[in-house]
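# An overview of the molecular structure
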Amino acid sequence: MWESKARPEGAATLTVNGKTVELPVIKGSVGPDVLDIRNLYRDTGMFTYDPGFTSTGSCESQITYIDGDAGILLYRGYPIDQLAEKSSFIEVCYLLLHGELPTQEELKTFDWTIRRHTMLHDQFDQFFRGFRRDAHPMAVMVGTVGALSAFYHDSTDINDPKARTVASHRMIAKMPTIAARAYKYSAGQPFISPRNELDYASNFLRMCFAVPAEDYETNHVLARAMDRIFILHADHEQNASTSTVRLAGSSGANPFACIAAGIASLWGPAHGGANEAALNMLEEIGTVDRIPEFIRRAKDKNDPFRLMGFGHRVYKNYDPRAKVMQKTCHEVLDVLGVRDEPLLKVAMELEKIALEDEYFIEKKLYPNIDFYSGITLRAMGFPTEMFTVLFALARTVGWIAQWSEMVEDPSQRIGRPRQLFTGATERDYVPLSSR
Ligand code: SDX
């Protein structure tokens, strides 16, 4: 069972409306201390105000830590670059869910369990047929993942730890099967069933790219790259989609419905949709000589254009995932023999120019994980619309780990923010004849 490790550390005082109140200071293991304002409204009659939650901690968590200024990302204390280099996605799933790296026996059992939850109920495939072939695959994901709760009533009781564990395993195991079906359906190709003898990434690539007309051979370099991309996207503290999953879960909604809510939030171009938007932007720029025009537009306050794949709410330094993503991108393009991919040239020149530009330096805008992932995924054969689907596939373990932590936290309550109201004050109804 989850236990709080927050440590009270004195208090700050706030004097407002002639009243002085104490706000307890709470320390974590690393990162900024927090001011506990849970009694602020009761003691002062005032709310705090923080649209976008730039200075608000929504929960206590022990899963992922980010230091935006130092460009640090830790999963349960382990640096992302070490995990990307030395671990596997299935091992990272165990780590995020359980808090510790597994022993050999624990990993073997966990891997065996996940491999045996990859199949979908036979009737499930009918859901895909309700979509147009040209539907965006993220629309398919939101619809079909939400429908999982219609099939797995035996793992929707959030108060039963066993049901939560089974639901977690089902989500991690079935997302690749659903994501591959979303791709196959859009391509008009028959669905390919999962194979238990294949590892997680190889199984997913085979379900996407195998066809019944010929044998399929796993490219182990691409499978390793896919596995590493999944590791990089697995969790990221209280980002928009994870906060959506937590808020949905705080009402007691079942885990499948909560993950569907997370997928919906991730779809936005400011969040997980940025990898698709970044590749579309690189294609729109097209050639290196057009970069200055787009840099100018990105700086123009009257132009809504932003450099997709740049900037981050937390990272005010290089996104540590972007460095690993860049290395993986070069590896994939090398093994596919497309090293001189024109978009890579535009991306590298854009990154160089932006990192030397005063505007981007002053606003601390660096490439984020989405900047290189699009080029890599396109080289691997995925259509642009599938990029955010792959992000959702990988982030499912992070959403599930954060959801489980919230359900197990004895202090958790339904999330219900307040507001600053500036609308009409009370007034009487005016009959139609008088308007
Ligand atoms: C992800 O939260 C997470 O952890 C998300 C994520 C995860 O793993 O879950 O890391 C995944 O979503 C990565 C981010 C992907 N999004 C993009 O690449 C889209 C482009 N980036 C921007 O939309 C923006 O940088 C955000 C949304 C990522 C961050 O927005 P913030 O923190 O609200 O910052 P902001 O919009 O207030 O920008 C600060 C300033 C603004 O200028 P001023 O109003 O101060 O004059 O920087 C400017 C912005 O105009 N700015 C950009 C810019 N990003 C910010 N200008 C040009 N191009 C950009 N990309």
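Notes on the structure in this doc start here. None of the values given here were measured: they were computed from a predicted structure.

### Comments concerning the site of the ligand
- In the vicinity of the ligand there are 24 residues, among which H236, H312, R313, R321 and R395 approach most closely.
- Within the contact set of the ligand, an oxygen atom lies 3.2 Å away from a side-chain nitrogen or oxygen of K301.
- At a separation of 2.7 Å, an oxygen atom of the ligand approaches a polar side-chain atom of R395.
- Here the ligand loses 78% of its free accessible area of 1100 Å² to cover by the protein chains.
- Grouping the constituent residues of the shell around the ligand by class yields 10 nonpolar, seven polar and seven charged.

### Observations regarding the nonpolar core
- By size, the foremost hydrophobic cluster in this structure holds 114 residues, and its most contacted members are Y75, V145, F204, M226, L307, L350 and F382.
- When residues of this core are assigned to their parent elements, the largest contribution, 14 residues, is made by helix α18 (residues 387-408).

### Quick notes on the side chain of R181
- Mapping R181 onto the fold places it in helix α7 (residues 161-187).
- With residues near it in sequence (within four places) discarded, R181 still touches L120, D125, F128, F191 and I192.

### Points about the pairing of strand β4 (residues 64-67)
- Sheet topology note: the β4/strand β5 (residues 72-75) ladder contains four bridges and is antiparallel. Along β5, the bridge assignment pairs D67 with I72.
- A loop of four residues connects β4 with β5, the two strands running antiparallel in sequence, and G71 in this loop sits at a positive phi of about 65°.

### Section: the packing of α7 against α18
- At a closest axis distance of 9 Å, the pairing of α7 and α18 adopts a crossing angle of 170°. Relative to α18, α7 is oriented roughly antiparallel. On the side of α7, the interface is formed by R164, S168, M171, I172, M175, P176 and A179, while α18 contributes V389, A392, L393, T396, V397, I400, W403, S404, V407 and E408.
- Partitioned by chemical class, the residues of the contact of α7 with α18 number 12 nonpolar, three polar and two charged.

### Points about unusual backbone geometry
- The phi dihedral of F53 falls on the positive side, at around 55°, and the residue is not glycine.
- Topologically, F53 is positioned in the loop between α1 (40-44) and β4.
- The exposure class of F53 is exposed, given its relative accessible area of 57%.
- In the Ramachandran plot, K364 falls in the positive-phi region, its phi being about 55° despite a non-glycine side chain.

### Remarks on a nonpolar patch on the surface
- A grouping of V221, V335 and L336 is seen on the molecular surface, where their side chains present a nonpolar patch of about 190 Å² in accessible area.
- Take L336: it is sitting in the loop between α14 (320-335) and α15 (342-356).
- Under the relative-accessibility criterion, L336 is labelled partly exposed at 31%.

### Let's talk about helix α4 (residues 104-115)
- When the terminal C-alpha atoms of α4 are compared, their 16 Å separation across 12 residues agrees well with the 16 Å that a helix rising 1.5 Å per residue should span.
- For α4, every residue scored as buried is listed here: F110, D111, T113, I114 and R115.
- At its buried positions, α4 is contacted by α3 (89-98), α7 and α8 (200-209).

### Topic: the sheet that holds β4
- Taken in spatial order, the three strands line up as β4-β5-β6 in an open sheet, and their pairing is antiparallel. Of all strands in the sheet, those with a lone pairing partner are β4 and β6 (78-79), marking the two edges.

### Quick word on the pattern of salt bridges
- Under the counting rule described, the total for this entry stands at 22 salt bridges.
- With a closest N to O distance of 3.4 Å, R224 and D227 form a salt bridge. With a gap of three residues between them, R224 and D227 both fall in helix α9 (residues 220-232), about one helical turn apart.
- Look at R224 and you get partly exposed, because its relative accessible area is 27%.
- When the shortest N-O distance is used, the salt bridge between D319 and R321 registers 2.8 Å. For the pair shown, D319 and R321 are each scored as buried.

### Some remarks on the sheet that holds strand β3 (residues 34-35)
- Strand order in this open sheet of three strands is β1-β2-β3, and the pairing throughout is antiparallel. Looking at strand neighbours, the two that pair on one side only are β1 (7-16) and β3, the edges of this open sheet.
- Relative to strand β2 (residues 19-27), β1 is paired through eight bridges, and the arrangement is antiparallel. Residue pairing for β2: A12 is matched across the bridge by L23.

### Thoughts on the packing of aromatic side chains
- Under the counting rule described, the total for this entry stands at 21 aromatic pairs.
- Ring plane angle 65° and centroid distance 5.6 Å describe the contact between F294 and F305, whose orientation is recorded as edge-to-face. A residue pair is termed long-range when its members are at least 10 positions apart, and F294 in helix α13 (residues 291-299) and F305 in the loop between α13 and α14 qualify at 11 residues.
- Here F294 falls in the buried class, since its relative accessible area comes to 0%.
- Among the aromatic residues, those joined into a cluster by ring pairs are F89, Y183, Y200, F204, F209, F230 and F382.
- Over the ring of Y185 we find R133, and its NZ or CZ is 4.0 Å from the ring centre.
- We note R418 situated over the ring of Y41; from NZ or CZ to the ring centre the distance is 5.9 Å.

### Describing the packing of α14 against helix α17 (residues 370-379)
- Interaxial distance between α14 and α17 falls to 9 Å at its minimum, and their mutual angle equals 25°. As the angle between them shows, α14 and α17 are arranged roughly parallel. Crossing hand, α14 versus α17: left-handed. Where α14 approaches α17, its residues A322, M325, Q326, T328, C329, V332 and L333 are matched on the opposing element by Y372, S373, I375, T376 and A379.

The rules behind the values
- Residues numbered from 1 in each chain as written.
- Predicted model: local features only at pLDDT ≥ 70, side-chain atom pairs only at ≥ 80, totals over all residues.
- Heavy atoms only, no water.
- Near = heavy atom within 4 Å.
- Polar contact = N/O pair within 3.5 Å; in protein donor to acceptor, adjacent residues only side chain to side chain.
- Areas by Shrake-Rupley, 256 points an atom, 1.4 Å probe, with all protein chains shown as cover.
- Nonpolar A, V, L, I, M, F, W, Y, C, P; charged D, E, K, R; others polar.
- Core = buried A, V, L, I, M, F, W, Y, C linked by side-chain atoms within 4.5 Å.
- Buried < 20%, exposed > 50% of the residue type's maximum accessible area, 1.4 Å probe, protein only.
- Helix = DSSP H or I, 4+ residues; strand = E, 2+ residues; numbered from the N terminus.
- Contact = heavy atoms within 4.5 Å.
- Pairing = 2+ DSSP bridges.
- Axes fitted to C-alpha atoms, helices over the stretch in contact; angles between N-to-C directions.
- Parallel < 35°, antiparallel > 145°, perpendicular 65-115°, else oblique.
- Patch = residues over 30% accessible without salt bridge, like charges linked within 9 Å, V, L, I, M, F, W, Y side chains within 5 Å.
- Salt bridge = Lys/Arg side-chain N within 4 Å of Asp/Glu carboxyl O.
- Expected span 1.5 Å × (residues − 1).
- Phe/Tyr/Trp six-rings, centres within 6.5 Å; stacked < 30°, edge-to-face > 60°.
- Lys NZ or Arg CZ within 6 Å of the ring centre and 35° of its normal.
- Left-handed = near helix turned anticlockwise from the far one by under 90°.

Read these as spatial facts, not as claims about activity.
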